[in-house]
Amino acid sequence: MDRRNVLRAGVVGGAAAAFSGALWKEAFAAPAQPGPGPYGALQAADANGIMLPSGFTSRVIARTGQTVPGTSYTWHAAPDGGACFADGSGWIYVSNSEVSAGGASAVKFNSGGTVTGAYRILSGTSTNCAGGHTPWNTWLSCEETTTGRVWETDPWGVNAAAARPAMGRFKHEAAACDPVNQVIYLTEDQSDGCFYRFIPNAWGNLASGTLQVARGGSGTSVTLTWATVPDPDGSPTATRNQVSGVKRFNGGEGCWYDNGIVYFTTKGDNRVWAYNTATALIELAYDDSLVSGTPPLTGVDNITGSATSGDLFVAEDGGNLEICVITPDDVIAPFLRITGQSSSEVTGPAFNPAGNRFYFSSQRGTSGSSSGGITYEVTGPFRS
């Protein structure tokens, strides 16, 4: 059984009509287990303190409180969730700021990877943690506060950012867009949090729509149903407490959509979940308590995927400050490790559009403070 190659046919009912008979892959044969990674063992730390497989190199793109090299823009504090956007022959990397002043910034690259600009794309918000990339090339920046909102921003910094209150007010973490079903999945960073989906009235316009919450049993392999949240404003009753029978998740974190599967992480129990949008079945992709020996991944947090290989990359908040790779055949192994920064966390993993450059941040760097954030780029022989 292989997550990339084992496909499932015969989608029935309304799903069959919506998906035009497409083949759907199984989520997982079983939760991922440690094994040899596709890139080999980590080598000694480089000059930036990053341990990488042979053939890979790192460079520092930006540091909190300092101007981004090649620009006049000062990089923000506590860099968190991020994503890349195609920009002609170049690309843009956006990054949130998880401090009370919040907001988000962007760095532009030309086709050769040279930084050509940096600028602010969101201000006046609070504790912007993770978010998500939309198919229409906007960045959804999520506030991780009790009444947090989703802000839709322009990676080019041309159009003003807009709050999207119809997507709910709660402790938002991440968002993942499903362009087939035309819904957006949302995680909630609470120990008794929920898993949500937002159905816009018109795809590409998030100003109005319906917020729903997942219902299901307490097991780790269950079929979810969806119920409408009566009051997305979450006042006076929190969104996660308005519907009975909801499925609780222990600290929702990163969220990523790939070919009919929504992957999301829960930090409170160190799990990666896989939700099959065709069958509504949710299962475990990884659980550190089910690993034989020492778990390679703890403090499960941000997640992204490689469009070329199908690999998932999961960042740690704690642990060994690693980003681990989960391969399509359900093997998990370290891809990189940050050294000398034990009071930090790894955030913002994202590939550029070509899949040959990889970005991430150390939120507090060597200082252990939000004023010490460092944003990195990794290049090397990423597989296809």
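Residues numbered from 1 in each chain as written. Predicted model: local features only at pLDDT ≥ 70, side-chain atom pairs only at ≥ 80, totals over all residues. Heavy atoms only, no water.

Draft legend 1. Inspection of the overall build of the protein at higher detail. Looking only at helices and strands, the protein has one helix and 30 strands in total. Computed over C-alpha atoms, the radius of gyration of the protein comes to 19 Å, within 12% of the 21 Å expected from 2.2 N^0.38 for 384 residues, which places it in the range of a compact globule. When its C-alpha atoms are laid out on the principal axes, the protein stretches across 55 × 45 × 35 Å. Every one of the 384 residues in the protein was classed for burial, and the buried ones make up 55%. At a minimum sequence separation of 6, the contacts of the protein that also span at least 24 residues come to 50%. (Helix = DSSP H or I, 4+ residues; strand = E, 2+ residues; numbered from the N terminus. Rg over C-alpha atoms; globule rule 2.2 N^0.38 Å. Buried < 20%, exposed > 50% of the residue type's maximum accessible area, 1.4 Å probe, protein only. Contact = heavy atoms within 4.5 Å.)

Draft legend 2. Broad picture of the pairing of strand β17 (residues 205-215). In the sheet, strand β16 (residues 195-202) pairs with β17 via six bridges, with the strands oriented antiparallel. The residue of β17 that forms the bridge with A202 is N205. The hairpin turn running from β16 into β17, its antiparallel successor, is two residues long, and G204 in that turn takes a positive phi close to 100°. Bridging between β17 and strand β19 (residues 225-228) involves four bridges; their strand directions are antiparallel. Following the sheet pairing, Q212 is matched in β19 by T228. (Pairing = 2+ DSSP bridges.)

Draft legend 3. How the structure looks around the sheet that holds strand β14 (residues 172-178). Strand order in the open sheet formed by five strands is β14-β15-β16-β17-β19, and the pairing between neighbours is antiparallel. The strands lining the two open edges of the sheet, one partner per strand, are β14 and β19. Going from strand to strand, the sheet's axes swing by 35° on average, the running direction of each strand aside. (Axes fitted to C-alpha atoms, helices over the stretch in contact; angles between N-to-C directions.)

Draft legend 4. Quick look at the environment of L52. Among the structural elements, L52 can be located in the loop between β4 (50-51) and β5 (57-63). Its relative accessible area of 4% is what places L52 among the buried residues. Apart from residues lying up to four places away in sequence, L52 is in contact with A41, L42, Q43, D46, T57, S58, F335, L336 and V378.

Draft legend 5. Structural detail: the sheet that holds strand β28 (residues 346-351). Spatial strand order, β5-β30-β29-β28: four strands in an open sheet with antiparallel pairing. In this open sheet, the two strands that pair with only one neighbour each are β5 and β28. On average, adjacent strands in this sheet sit at an angle of 20° to one another, irrespective of strand direction. As paired elements, strand β29 (residues 357-362) and strand β30 (residues 374-379) share six bridges and run antiparallel to each other. Within β30, the residue paired with R357 across the bridge is T379.

Draft legend 6. Examining the side chain of D178 more closely. Here D178 is to be found in strand β14. At 3.0 Å, the side chain of D178 forms a polar contact with the backbone nitrogen of V180. Side chain to side chain, D178 and Y257 meet in a polar contact 3.3 Å long. In this structure, D178 is in contact with V183, Y185, W203, Y257 and T277, ignoring residues within four places of it in sequence. (Polar contact = N/O pair within 3.5 Å; in protein donor to acceptor, adjacent residues only side chain to side chain.)

Draft legend 7. View of unusual backbone geometry. Cis geometry marks the peptide bond from S235 to P236, where omega comes out at 5°. Along the chain, the position of P236 falls in the loop between β19 and β20 (252-258). Within the chain, A280 stands out as a residue other than glycine whose phi angle is a positive 65°. Residue L321 is not a glycine yet carries a positive backbone phi of 55°.

Draft legend 8. View of the packing of aromatic side chains. Inspection of the entire model under this criterion finds 32 aromatic pairs. Ring geometry for F351 versus F358: centroids 4.8 Å apart, planes at 55°, classification tilted. Assessed through its relative accessible area of 10%, F351 is described here as buried. Residue F358 is classed as buried on the basis of its relative accessible area of 0%. An aromatic cluster of at least three residues, connected via ring pairs, comprises Y39, F56, F313, F335, F351, F358, F360, Y376 and F382. (Phe/Tyr/Trp six-rings, centres within 6.5 Å; stacked < 30°, edge-to-face > 60°.)

Draft legend 9. Representation of the environment of V314 in the model. For V314, the position within the fold is in strand β25 (residues 312-316). On the basis of relative accessible area, V314 is assigned to the buried category, the value being 0%. Linking V314 and R337, residues 23 residues apart in sequence, is a C-alpha distance of 12 Å. Residues within four places of V314 in sequence aside, it is in contact with T265, V272, L297, V300, D301, N302, I303, E322, I323, C324 and I326.

Geometric values such as these leave the question of function open.
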